[in-house]
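# What the coordinates show
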Amino acid sequence: ALYCINSAEPFAQNNFWDMYKRNFLQILPNGRGTILTGAYAAFAPSEGLGHAMFFAAERKDWTTFDSLVQGLSNFRKANGLLRWKINTDGSYPAEDENLFCATETEQNVINALLLAYERTGTTRYLKTGQALLNALWENTTILFQGRRVLLPTDATDNKYWPIQNID
């Protein structure tokens, strides 16, 4: 079924959000948060969680939002960014070559955290968003011909992206 969501129809929005949570989100055991599940988890799990965080903040579903934030901690890398992929049990593939970040995920997550901060005043959302933004700046931008350029992934952690700073 295709859903057309109109801001004047809160009932339809609530139905959409409930359906989304039922079909696309999975709560991990032992308080490890919520991640994307099902067939879609293989395609864009971190991006899906970024979108889900935004949906949760928009719907003011803070319980789900906090569980998604916790779930994203399973994606965290040493440089502060997020792996683009994890397994549906919350672990990440030890030998997966695609553990680099997806820059748009960080942008989605930062926007969701800032929206949550704006709506709740909860400073940990702001601090988490700021830390992620700093990691994004430090690891996914380079100087190229005198300009700062945003890359689609980590410049420092991806052997498939061999671009270096060029002044």
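Everything below is about the structure shown above.
Presented here is an overview of the structure given in this document.

### Remarks on the overall build of the chain
Counting secondary structure elements, the chain contains 5 helices and 4 strands. Starting at the N terminus and walking to the C terminus, you meet the elements of the chain as α-β-β-α-α-α-α-β-β. When contacts within the chain are restricted to residue pairs at least 6 apart in sequence, those whose partners lie at least 24 apart make up 52%. Accessible surface computed for the chain: about 9500 Å², of which carbon and sulfur atoms make up 54%.

### Structural notes on the pattern of salt bridges
Evaluation of the coordinates by the stated rule reveals 4 salt bridges. E58 is the salt-bridge partner of R119, the closest N and O atoms lying 3.7 Å from each other. Note that R119 is positioned in helix α4 (residues 103-120) and E58 in helix α2 (residues 45-59), a separation of 61 residues in sequence. Of the residues examined, R119 reaches a relative accessible area of 33% and is grouped as partly exposed. Put simply, R124 and D66 hold a salt bridge, and the shortest N to O gap is 3.4 Å. Of this pair, R124 sits in helix α5 (residues 123-140) while D66 sits in helix α3 (residues 62-72); the two residues are 58 residues apart in sequence, bridging distant segments of the chain. Taking relative accessible area as the criterion, R124 reaches 44% and is therefore assigned partly exposed. Exposure remark for D66: the relative accessible area of 27% places this residue in the partly exposed category.

### A look at α5
Here α5 contains 18 residues, and its C-alpha end-to-end distance of 25 Å stays within 8% of the 26 Å for a straight helix at 1.5 Å per residue. Every buried residue belonging to α5 is among Y125, G129, L132, A135, L136, N139 and T140, and all of these are buried. For α5, the angular spread of buried residues about the axis comes to 125 degrees, placing them on one side. Pointing more than 90 degrees away from the buried face of α5 are the exposed residues K127, W137 and E138. In this fold, the buried residues of α5 make contact with α3, α4, β3 (141-144) and β4 (147-150).

### What to know about the pairing of β4
For β3 and β4, the ladder comprises 4 bridges, and the chain directions are antiparallel. Across the sheet, the residue bridging to L143 is R148, located in β4. Where β3 hands over to β4, the hairpin turn is made up of 2 residues, of which Q145 adopts a positive phi near 50 degrees.

### Some words on α3
Among the residues of α3, those classed as buried are T64, F65, S67, L68, G71 and L72. Along the long axis of α3, the arc covered by the buried residues comes to 165 degrees, so they all point the same way.

### Some words on the packing of α2 against α4
Their axes nearest at 8 Å, the elements α2 and α4 cross at an angle of 15 degrees. The angle between α2 and α4 falls in the class roughly parallel. You can see that α2 and α4 cross each other, and the crossing is left-handed. Facing α2, whose interface residues are S46, E47, G50, H51, M53, F54, A57 and E58, α4 presents E104, T105, N108, V109, N111, A112, L113, L115, A116 and R119. Grouping the constituent residues of the contact of α2 with α4 by class yields 8 nonpolar, 6 polar and 4 charged.

Conventions and cut-offs
Residues numbered from 1 in each chain as written. Predicted model: local features only at pLDDT ≥ 70, side-chain atom pairs only at ≥ 80, totals over all residues. Heavy atoms only, no water. Helix = DSSP H or I, 4+ residues; strand = E, 2+ residues; numbered from the N terminus. Contact = heavy atoms within 4.5 Å. Areas by Shrake-Rupley, 256 points an atom, 1.4 Å probe, with all protein chains shown as cover. Salt bridge = Lys/Arg side-chain N within 4 Å of Asp/Glu carboxyl O. Buried < 20%, exposed > 50% of the residue type's maximum accessible area, 1.4 Å probe, protein only. Expected span 1.5 Å × (residues − 1). Arc of directions from axis to C-beta. Pairing = 2+ DSSP bridges. Axes fitted to C-alpha atoms, helices over the stretch in contact; angles between N-to-C directions. Parallel < 35°, antiparallel > 145°, perpendicular 65-115°, else oblique. Left-handed = near helix turned anticlockwise from the far one by under 90°. Nonpolar A, V, L, I, M, F, W, Y, C, P; charged D, E, K, R; others polar.

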